[in-house]
Amino acid sequence: VGIPSFLKGYPDMDTLVALGVGTAFLYSSYVVFLTSSTAEYFVDVGIITTFILLGRYLEARAKGSASAAIKKLLELSAKTARRVKKDGSFEDVPIEQVVLGDLLLVRPGEKVPVDGAITDGSATLDESMVTGESIPVDKKKGDIVIGGTLNAHTVFTMRAEKVGSETMLSRIIELVREAQMSKAPIQKLVDIITRYFVWGVLAIALITIATWILAGASFSEALIVMVAVLIIACPCALGL
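Residues numbered from 1 in each chain as written. Predicted model: local features only at pLDDT ≥ 70, side-chain atom pairs only at ≥ 80, totals over all residues. Heavy atoms only, no water.

Draft legend 1. Examining the sheet that holds strand S5 (residues 123-126) more closely. An order of S6-S5-S8 is seen for the three strands of this open sheet, with the pairing classed as antiparallel. Edge positions in the open sheet fall to strand S6 (137-139) and strand S8 (150-151), since each of these has one partner strand only. The sheet contact formed by S5 and S6 spans three bridges and is antiparallel. Paired with leucine 125 across the two strands is valine 137, which belongs to S6. (Pairing = 2+ DSSP bridges. Helix = DSSP H or I, 4+ residues; strand = E, 2+ residues; numbered from the N terminus.)

As structure tokens, this is what we get:
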């Protein structure tokens, strides 16, 4: 996962983990199959990989919960509205066809189709989905009603004043979606720090292997030290 971002010049935590774990696994495989040494890092690879997968699982669950919340909000909205025609008759129309100024009839047990104001009659509405208040609220002519709230046992006529994406329920759904997609300020800061951190660790690893070789160590010994640098840095990136 982290290698493509590294090749694009924007390394992240996954880059360091992929390099560290990948290098440790390849080196450990070399040690086990081609040498008599016991200096392998399979345990480290397993532990780090387990933590990474656990983090991914928890993140997926959090996003799944947010998606479920959006789905429940969408279920609150009315699918159709009963529009009052100019001749006084009624017609059932999809909620998408309701326009500003339409007169709508809301019967007992129905959801208020859109945001608007009562023009005739009165209402007792369950607004718990918006306010959290479990006690129904009495409304009279001229009062504002909110789309998605439930009408209890009266009949009233309302004028549509906010439709489509302008309704309160639509704005709530959009805010939840934005919260799900956007990054917290601290996460943006961590991404910046990680980018420089990864380049720093890679530079230190290269300097390390070069220094050990120049100091007279064998390539195998220098490689062990470089792998150790990458492995030690993995939990640091994971912590970030």
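Draft legend 2. Focus on the layout of surface pockets. By volume, the largest pocket is sized at about 920 Å³. If you trace the largest pocket, you find 25 residues lining it, with Met13, Arg56, Glu59, Gln187 and Asp191 closest to the centre. Among the elements that line the lining of the largest pocket, the one with the most residues is helix H3 (residues 42-76), at seven residues. The residue inventory of the lining of the largest pocket, partitioned by class, reads eleven nonpolar, six polar and eight charged. Ser77, Ile95, Gly164, Thr167 and Ser170 are, among the 20 residues lining the second largest pocket, the residues nearest its centre. With five residues, the single largest contributor to the lining of the second largest pocket is helix H5 (residues 168-181). Here the residues of the lining of the second largest pocket are counted per class, giving nine nonpolar, seven polar and four charged. (1 Å grid on protein atoms, 1.4 Å probe; cavity = no way out; pocket = protein on both sides within 12 Å on 5 of 7 lines; lining within 4 Å. Points joined across faces, edges and corners; volume = space filled by probe spheres on them. Nonpolar A, V, L, I, M, F, W, Y, C, P; charged D, E, K, R; others polar.)

Draft legend 3. Quick look at the nonpolar core. Formed by 25 residues in total, the largest nonpolar core has its most connected members in Leu16, Val17, Ala24, Tyr27, Leu223, Val227 and Leu230. Sorting the residues of this core by element identifies helix H2 (13-34), H3, helix H6 (185-214) and helix H7 (219-239) as the ones contributing at least two each. Residues contacting alanine 24, with those up to four places away along its chain left out, are Tyr41, Val45, Val227 and Ile231. In this structure, Val106, Val114, Val145 and Val163 belong to the second largest nonpolar core, which totals 16 residues. (Core = buried A, V, L, I, M, F, W, Y, C linked by side-chain atoms within 4.5 Å. Buried < 20%, exposed > 50% of the residue type's maximum accessible area, 1.4 Å probe, protein only. Contact = heavy atoms within 4.5 Å.)

Draft legend 4. A look at a nonpolar patch on the surface. On the surface, Phe25, Leu26, Tyr30, Val32, Phe33, Leu34 and Phe42 cluster together into a nonpolar patch covering about 770 Å² of accessible area. Take the nonpolar patch: its biggest share by element is six residues, from H2. Residue class for phenylalanine 33 comes out exposed when judged on its relative accessible area of 69%. (Patch = residues over 30% accessible without salt bridge, like charges linked within 9 Å, V, L, I, M, F, W, Y side chains within 5 Å. Areas by Shrake-Rupley, 256 points an atom, 1.4 Å probe, with all protein chains shown as cover. Salt bridge = Lys/Arg side-chain N within 4 Å of Asp/Glu carboxyl O.)

Draft legend 5. Geometry of the sheet that holds strand S1 (residues 80-84). The sheet built from six strands is open, its strands ordered S2-S1-S3-S9-S4-S7 with antiparallel pairing. Every interior strand has two partners, whereas the edge strands, strand S2 (90-94) and strand S7 (144-145), have only one. Two strands pair when backbone bridges link them, and strand S3 (residues 103-106) and strand S9 (residues 156-162) are joined in this way by four bridges, in the antiparallel orientation. Counted as the bridge partner of valine 106 is phenylalanine 156 from S9.

Draft legend 6. Region of the structure containing the packing of H2 against H3. The N-to-C vectors of H2 and H3 enclose an angle of 150°; their axes lie 9 Å apart at closest approach. It follows from the interaxial angle that H2 and H3 lie roughly antiparallel. As for how H2 packs across H3, the hand of that crossing is left-handed. Of H3, the residues touching H2 (which contributes Met13, Asp14, Val17, Val21, Ala24, Phe25, Ser28, Ser29 and Val32) are Phe42, Val45, Ile48, Thr49, Ile52 and Arg56. Here the contact of H2 with H3 is built from residues that sort into ten nonpolar, three polar and two charged. (Axes fitted to C-alpha atoms, helices over the stretch in contact; angles between N-to-C directions. Parallel < 35°, antiparallel > 145°, perpendicular 65-115°, else oblique. Left-handed = near helix turned anticlockwise from the far one by under 90°.)

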